[in-house]
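Descriptive analysis of the structure
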Amino acid sequence: MIKKQNELKKFWKIRGMGAALTAFIGLIVIYIAFGLINPMVFSGQNILNLLRSMSKYLLIGVAQSCVMITGNIDLSLGSLVGMSAMIVATLMVSGVPVIAAIFITLLCGIAIGILNGLLVGKFKLPPFIATLGTMFVARGIAYMVNNNRNTDNIGIKLGKGSADAFQQFFYYGKTAGIYNTFWISLILFIAFFFLLSKTRTGRHIYAIGSNVEASKLSGVDVVRTTIKTYIFSSVCAVIVGFILCAQAGMGNMEAGNMYEMYGVAAGVIGGVSPLGGSGLLLGTFAGAAVWQTLENGLNMIGAQVGIQRIVIGIIVVLAVLMDVVIRSGKKIKIANKSTK
Amino acid sequence: MKRKFIAMACCAALIGTALTGCGGNTTPTTASTEASSAASTPASASASGNVKIALITMDQIDQHWVTMNEGAQAEAAVKGVKCDFISPDTKDDSKQIECVNNAVSNGYKAIMVAANGPDAISSALKDAQAAGIKIIYVDSPANVKAEATFSTDNVSAGKQAGEEMLKALKAKNVTKGNIGIVNVNAATQSTVNREKGFRSAFTSSNFKLLDTQYCDGDASKAQSIAENYITQGVVGIFGANEGAATGTGNAIKAAKGSKVIGVGFDKSDTIKGLIKDGYLLCTMAQNPDIMGAKGVDACVDAINGKDLGGAVTDTGVTILNKDNVASAK
């Protein structure tokens, strides 16, 4: 009995676990509340839609969470989504085979990630400013790729077969009854989950987020870890770009607008601290699901968009408030102990 | 221990807001469904056989779409069906596709769509059709065959704009000179068609139509372009959408005592003010309320099994000038 209690305590004590569990409870409450207003929310087709549409927020959330755990931020994510959607679509429209187009686009995304990492890690630019710059650059590239136009249908030269395969793989197809989009994001989520919790790189990511100087002294290569983190986030953004391109069957210059902020929201709702050093990707999963459930549910019950924004805004602020309160509570506790 | 309490309190607060947030939503929903005499919860059946129609426009903010929704709601009340306005918050392909997907799983019998672009939404609409849902286009069609389309014939509306300008110039005994055109961009089909129609009105006249300048729909850019035209000594300027018309009117206003004739397209409170004060001659106001109303009629017909054959109906434009601008909605 005591042993069990200790295990429970240990589980609860994992940093960020409380917030992650709270987010999951919140998710269930919100979902049931919407379902009571409109039972169609519980329909199988809606659950499938929900899983599919939360995938893009999950990936962006994972990307932003990784960066936030290092104590930085990546504002270029949304633009990167648009840039990669445009690059991959333009390549396919001009007849480049699907696999090659995907590969080239990934390289372009990684290049932006390395640039972000160098600016923030090596040249010590404030991450807010550095990635604000690359945000504009990436969106500018998205515009220029196809001369200020959205692209034509991606199947125009490749033929219907290849284009369909691309669209099926990233958006419209199903595997084992669930849309591929969700499987893709779930696999990436699990990969990043293990990367953060079980590998040395993961520990370094947490370390430089809690204390850069201390981790530098203990031999963590801060520059390298920062670059790696920005590469991870860029790759996630590129995949979201593929998903949006597959969804529309074309490249849209404005794709992914504001997604970087959706990523922050998903992470923060799930208990990832914007101050760095703590947070679990499990929480980000719940955060992305909360975000999408709100969007889906408010749409299904026919609420106006203004209300949607207000509800989401309140939840984001409350989630961060909780983080701040818990942190300051801890400090008080430590102070009390030392005075004793 | 203290920490746990705080966490729990926050947790309760979070859930509390989530609940009140949802509770608050029922008010506007009820308000919007009152017209169709439906019960207070959207899920329960409406008066006539549980027929639900979805209206998905490009966004919910633009006056154009709000007016379209008003037209649709009024007609839905007459027909005794329920029409929900479930558009995305901003003009975003991905979000519009989600709205179509939601409409499919939410049990709508027909969807009225104003497509963001002709291609992006196509696959989602095909999925909807495969699920037995009738598609009606309002304002902007996509590349999938639908039951019917209700939109503005932009070529003919543009020609009317040209004819109005020609009439006004003749009335002032101006028979030659340059005319400038402020358009949105070269890619938007609707505004390109307006320009085509406008130019066609001048083919047998002595006026010279200058090269088109593009403002991306931005009123301040449009104003600089129009000011340049005025400096060049044009006799007339055509602004091909709301932003372009606003910029054109403001430029004529800024050039005090200018005799340039400005003609706009689309309406807004600003444009109506510019017409009232005499800076713009007139504007071609589209009729989104008619699109919405006729769209609902077509949805009901299609649901009842009537074959509409994919007909395209021009809902026309209303010419707003100094005489009728005060009475326009």
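Residues numbered from 1 in each chain as written. Chains lettered and ligands numbered in written order. Predicted model: local features only at pLDDT ≥ 70, side-chain atom pairs only at ≥ 80, totals over all residues.

Observations regarding the pairing of strand E2 (residues 82-85) of chain B
How we decide: Backbone-placed C-beta atoms define the burial measure: a residue is buried with 20 or more other C-beta atoms within 10 Å of its own, exposed with 12 or fewer, and partly exposed in between. Counting from the N terminus, the helices are DSSP H or I runs at least four residues long and the strands are E runs at least two residues long. Place the viewer so that the strands point away; then a crossover is right-handed whenever the path from the first strand over the helix to the second strand goes clockwise.
Going residue by residue along E2(B), you find Lys82(B) and Asp84(B) tucked away on one face and Cys83(B) and Phe85(B) tucked away on the opposite face as well. After leaving strand E1 (residues 52-56) of chain B, the chain enters helix H2 (residues 63-79) of chain B and then returns to the sheet as E2(B), a path that is right-handed.

Focus on the sheet that holds strand E3 (residues 110-113) of chain B
All names here are of chain B. For clarity, the threshold we go by: Two strands qualify as a pair provided DSSP detects at least 2 bridges between them. Here the axes come from fitting lines to C-alpha atoms, over the contacting stretch only for helices, and the angles between their N-to-C directions go from 0 to 180 degrees. We call two residues in contact whenever the C-beta atoms placed from their backbones are within 7 Å.
One open sheet accounts for 6 strands, arranged E2-E1-E3-E4-E5-E12; its pairing is parallel. The strands lining the two open edges of the sheet, one partner per strand, are E2 and strand E12 (311-314). When the angles between neighbouring strand axes are averaged without regard to direction, this sheet yields 20 degrees. Inspection of the sheet shows E1 paired to E3 by 4 bridges, in the parallel sense. Residue pairing for E3: alanine 54 is matched across the bridge by isoleucine 111. Running at roughly 165 degrees to strand E4 (residues 134-138), helix H10 (residues 288-303) makes contact with E1, E2, E3, E4, strand E5 (148-151) and E12 of the sheet.

Re helix H3 (residues 93-105) of chain B
Rules: Helices are assigned an expected span. That span is 1.5 Å times one less than the residue count.
The terminal C-alpha atoms of H3(B), which comprises 13 residues, lie 19 Å apart, in line with the 18 Å expected from a rise of 1.5 Å per residue. Across the 13 residues of H3(B), 12 count as buried, placing the element largely inside the fold. Elements that come into contact with the buried residues of H3(B) comprise helix H3 (44-69), helix H12 (222-248) and helix H14 (281-300) of chain A together with E1, E3 and helix H4 (122-130) of chain B.

What about the environment of Asn46(A)?
Along the polypeptide, Asn46(A) turns up in helix H3. Not counting residues up to four positions away in its chain, the partners in contact with Asn46(A) are Met40(A), Val41(A) and Ser105(B).

Things to note about H12(A)
All names here are of chain A. In a regular helix each residue adds 1.5 Å, so 27 residues correspond to 39 Å; H12 covers 39 Å between its end C-alpha atoms and thus fits that length. Within H12, 22 of the 27 residues are buried, which leaves it mostly tucked inside the rest of the structure. One or two positions beyond H12, positive phi appears at glycine 249, with a value near 70 degrees.

Some details on the nonpolar core
In plain terms, the rule: Definition of nonpolar core: a set of buried Ala, Val, Leu, Ile, Met, Phe, Trp, Tyr and Cys residues joined via C-beta atoms within 7 Å.
Formed by 154 residues in total, the largest nonpolar core has its most connected members in Ile60(A), Ile53(B), Val100(B), Ile111(B) and Ile136(B). It is H12(A) that provides the largest number of residues to this core, a total of 14 residues. Apart from residues lying up to four places away in sequence, Val100(B) is in contact with Ile56(B), Ile111(B), Ile121(B), Ala124(B), Leu125(B) and Ala128(B). Membership of the second largest hydrophobic core comes to 44 residues, among which are Cys215(B), Tyr229(B), Val235(B) and Val263(B).

Notes on the packing of helix H8 (residues 160-172) of chain A against H12(A)
Residues and elements named next belong to chain A. Heads up, the condition is: Handedness of each helix crossing follows the sense of rotation of the near helix against the far helix: counterclockwise by less than a right angle gives left-handed, clockwise gives right-handed. Amino acids are sorted into nonpolar (Ala, Val, Leu, Ile, Met, Phe, Trp, Tyr, Cys and Pro), charged (Asp, Glu, Lys and Arg) and polar (every other residue, Gly among them).
With their axes 8 Å apart at the nearest point, H8 and H12 run at an angle of 115 degrees to one another. In terms of crossing hand, the pair formed by H8 and H12 is left-handed. Seen from H8, the contacting residues are Phe166, Gln167, Phe170 and Tyr171; seen from H12, they are Phe242, Ile243, Ala246 and Gln247. Tallied by class, the residues present in the contact of H8 with H12 amount to 6 nonpolar, 2 polar and no charged.

Quick word on the domain arrangement of chain B
Note on interface size: it is often stated as the accessible area lost on association of the parts. Residues and elements named next belong to chain B. We count it as follows: The source of the domain bounds is an automatic or database domain assignment.
The assigned domain composition of chain B is domain 1 (47-152 + 288-315) and domain 2 (154-286). Distance between the C-alpha centres of domain 1 and domain 2: 32 Å. With 4 residues of domain 1 at the interface, the matching set in domain 2 holds 5 residues. Along the lines of polarity and charge, the residues of the side of domain 1 that touches domain 2 split into 1 nonpolar, 2 polar and 1 charged.

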